[in-house]
Amino acid sequence: MDVVQVLASATQLVSAMVSAVGALEQAASDLAEAPRRLQVLEDFVSDLDALTEQSRQRHAHKLHGPQLDRQFQSLGRLMDQLRGNVAKARKVLSGGKGKGKGFARLVRSSVTGDPLMRYVRLIRDDLNQWLELQELTQSVGKVIASTARSTPALVRVKSEHGYPVSKKCSYVRELLERDGAHRVVLIVGLSGIGKSCLARQIASDPPFCFVNGAIEIGFGRWCSRAACNGSRSEYHKRLARKICTFLVQIGSMTVKEEVGKDLDDVCCLLQTALVGRSMLILLDDVWEQDIVDRFTRLYDNDCRYLVTTRDEAIYEIAEAEKVEISKDDIKEISREILLYHSLLSVGELPPAAEVLLDRCGHHPLTVAVMGKALRKETRVEKWEKAISNLSTYATCAPGPVSYVNEKDVETTLTIFGSFEFSLEAMPENSRSFFMALAAISWEEPVPEACLESIWSALEQGGLFSLVVSKLVEGSLIIKLEDQPLYHMHDMVSLYLENKTNDVVHALLSESISYYAALVSPWLFVFGKECMKRPAEQKMGSFFSLLEFTEIEILLVNTTQALMACRSLSEFEASRLGFSKILGPRIAEIIAVGSPDLIFAVTTAITVIFFQADYINLAQSLETAGSIDKLIDLLGACEDTSTLANLSSVLAKISEHVDATIADEILSRIPMDRIADLLSVENEQWHEIVFTTLASLTKVGKLKAVETMIESGIDKKLLVLLGSGSEISQHHAIITLKTFCELGAPLQGCMGPAVLLHLPWHARISLERFVLFDKNVSQSPKPQQSFEVILHKILQRDNKDIIEAIQGLLSLAERANDTRVQDLLLGSNLFDRLALLLQRREVENNQVRSQTAFLVMKLACTGGEPYVHRFLELNIVHELIDMLQCNIDELQDSAYYALHQIVFAKGGSLVLQRFLQLGTIEKLVNLLDRKSLKTKDLAMQFLVDIAEVGTKPCIERMLASQVVEKLVALEKAGDPFGGAVSRYIQGLNRCKKLQTAERAVMKQHILRKVRSAVRGHKLEASLVASVEASIAEGSKGASSSSRKKK
């Protein structure tokens, strides 16, 4: 049922309800008949509610359109009014039952004003007003359907430029719109004949019945049993990765979750993700019938599948509509393709153009390549020569590899001939560069930096940008519009298939060692499988021979290649590979290497090594006696980059060596220079410096803190609290709290007068360390006074309860004291607090607010034991309910309490419970609420969770479409401007993510933002704002991977 049908049904229901109200009005004086009539009306309200909710779920992926959402809200408001008035009418009826006095009062009230009649009239007025509104708008259903059609879906497919609309396009569209047609539409034809272009043309503007839009997932020969040498397990692994990519695109999985998934598990996730959705799913370049079968077996959805394939076996699927692109079809559009790519008008096109089209077989890819090679060329002799050369090149072109069908061979040779002709018109350096691209795996887009490294390794003259633009103009490679990424048509990749062996020699064997070191890491990450092993061997040889210059170049490019990884799974696999190559050699390199080489090694370590890797690193360095050399180099660090990286590596190593070496590291690190890096203007170094301080305080305890204080680090932290960025403030608070917990003497620089000038979150986090004097003697009879307070909390008088809560605040300030902790946790105080939070009456609002404040204080001071008790008694979820109550004071109190609980020492317990109960999804859904206050506080709390959460928490939020919902808030305007940037800032402050993981996640968020905001008036400004937030948070991380100048 679509939106029009839903609203038509709703109108019919409301009309019937008006009749029911008339009947109720007539029966209002008959107490026996009125309840039955009222029940009929209640049933109508329930039916209308179910109908509207069904429509909301069906169109959930288009509710980011504000007009569409508002139209659904009108029905929601009507039902809210109806429920309230029907409930009041029911109460009036129930109050008059069973006694003659009740009937007498009802008779009298009919003269003086019957309350039941009043509610009946209110219901009737609400219904009539809604019906009038429908008549005024002619048809609410049509309006909503029209809005839904014009609202861009969150997932979209881009059409190809220069591919004309053909009759086949209209025919396929009719098949998709036809009721009762097969779920699969198969488009088959030769490679490069325009199957994908036709499919994308349709999917870019899908039929209206696909309310959730259209999406593309490309497979290619890479995802086939033939490409896996018949290995079933490898084929399943590759197919699982492709489906995971699809799930990430539709927001049902995060980039981290895709790692190592079993195919059957992924298909189960796919089934769940598509339930209730109506999407056009483009399965492009399918080589296995198994792929189509897995999608068509999915149930409880209205999705249909547009499949492109060149495999006749797949074409034989019985349950499919079959569409073949023939030569007659491409003749219809080949002339327009030639005009588009040659940049000529119809009048400028030479007569030989028709001969050229015939020689190309009207094949779209061949025509496009030849058109670009003859761009703006009007001389007849040039066109005639092109025709002659095409025939020659097609005859001499290398034969295609075995997986091309026999009937494709002639066409394929012609296509290859067009490539040869296009290359012949290019300079020699462009040709050799294109051939070198045979080394790359083109299954996914490749970053520009990878291509530039190959260009550098070839030692060619000219500018890289000019050369790569020539290949793009010749349709030999394709540049993505909005990112520095390139991909390649499968026929071009096929043409390069037999050039790989030559490229291995050209890039790794024949080039000088400097350039081989430069390109090897890029080939290891982005090269074909046959290239990875030679690249690994080449890198290993540099380390074995201790070729210092090459090793330094190798390390710099290793960090750059890692940071350019396209997914987290790719990053993790490459990082592990590099760590296996580099790990065993580090100690030896440091022992014999020059200072510059050692600095390059430490920079690479900060990117390649994760926390667990430092255990083996510390052992190997200690065995080789290389730690002393690293320590000695601290005095030779002239620039900021080397100091920050070397200090960070030594600090992490100190966690895994004996106390003597750790003390030596602590005493030798120049804390005064580290303190300088904490100035406001040096923000790009803050993240790595805070990591260093955390490691040193973990090892050196109070001694390390005292050394830091002597160097003025505490004062630098206070300056950051007042004027630093939010990320720096967060790190500063954590560091100062650690200092205080270790017993550092901070009272002199952090007294009450200083706290007054700090941001509120800093004051709340630090005030207990400053204002609570541990030397003050405790009350001589805490038990007696505590029992009195507990007794007061049981009273009904709100004044007594509030007074009792105020009395408990002094104990809450000492909640971490052993005696106080035993006293509080041994009582039933928390059961009583839970009951107080459950009181929903208006007169109890102040009590609930004060209770939430006490909970906040207990969590802030007491930590994990108290948080654990809060979870046992469901206090945390009571606060979440309070967050939605539409009373500003209570909502603020609930938020501040939740904020402190998740930031407390037991906050991880809360996050684990959130994951178990699906609370994160519910919090994300609060962003859809009507109340601006609820949405604002929910957004702030989600930012808090991103800041303190683990990877599973953040992944769960992303899978729940938090980014898309935040974008929708930004589209709504104030007060939600900058919502996505604030979320990214929270992610930047998260200490439970590795820098590289955070970088990959932020790029994933950026892609989601671009998709969600595409076509909106805020597109440019919002994307720019998000990119700026990502860049700001990446300054510290990027500094560790920057090439030493």
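For the structure, see preceding data.
Thresholds, definitions, all that
- Residues numbered from 1 in each chain as written.
- Predicted model: local features only at pLDDT ≥ 70, side-chain atom pairs only at ≥ 80, totals over all residues.
- Heavy atoms only, no water.
- Helix = DSSP H or I, 4+ residues; strand = E, 2+ residues; numbered from the N terminus.
- Buried < 20%, exposed > 50% of the residue type's maximum accessible area, 1.4 Å probe, protein only.
- Contact = heavy atoms within 4.5 Å.
- Disulfide = S-S within 2.5 Å.
- Pairing = 2+ DSSP bridges.
- Polar contact = N/O pair within 3.5 Å; in protein donor to acceptor, adjacent residues only side chain to side chain.

1. Quick notes on the environment of Asn-988
Assignment of secondary structure puts Asn-988 in helix α52 (residues 979–988). Residues Asn-988 and Glu-1032, 44 residues apart in the sequence, show an inter-C-alpha distance of 8.9 Å.

2. Focus on helix α45 (residues 875–882)
In an α-helix, one full turn covers 3.6 residues, which means residues spaced three or four apart are oriented alike. Most of α45 is tucked away, with seven of its eight residues classed as buried. When we look at burial in α45, the residues that qualify are Ile-875, Val-876, His-877, Glu-878, Leu-879, Ile-880 and Met-882. Tucked inside the fold, the buried residues of α45 contact α42 (829–837), α43 (845–862), α44 (864–872), α46 (888–903), α47 (907–917) and α48 (919–925).

3. Overview of the state of the cysteines
One pass over the structure, following the stated rule, counts zero disulfides. Take Cys-267: it sits in no disulfide, and the sulfur closest to it among the cysteines is that of Cys-268, at 7.2 Å. Since its relative accessible area comes to 15%, Cys-267 is described here as buried.

4. Things to note about the sheet that holds strand β8 (residues 485–487)
The strands making up a sheet associate through hydrogen bonds between their backbones, and the pairing can be parallel or antiparallel. The three strands lie next to each other as β6-β8-β7, forming an open sheet whose pairing is antiparallel. Only two strands of the sheet have a single partner each, and these edge strands are β6 (446–447) and β7 (478–479). Bridge analysis of β7 against β8 gives two bridges, and the strand direction is antiparallel. Its bridge partner being in β8, Ile-478 is matched across the sheet by His-487.

5. Here we look at the side chain of Ser-441
Considering the arrangement of structural elements, one finds Ser-441 in the loop between α18 (428–436) and β6. A polar contact is formed between the side chain of Ser-441 and the side chain of Glu-443, at a distance of 3.0 Å. Ignoring anything within four residues of it in the chain, the contact list for Ser-441 reads Val-446, Phe-526, Gly-527, Lys-528 and Arg-566.

6. A few points about unusual backbone geometry
A positive phi angle, close to 55°, is found at Leu-546, a residue other than glycine. Residue placement: Leu-546 occurs in the loop between α24 (529–545) and α25 (548–563). In this structure, Asn-874 takes a positive phi of about 65° despite not being glycine. Locating Asn-874 in the fold gives a position in the loop between α44 and α45. For Asn-874, a relative accessible area of 39% translates into the label partly exposed.

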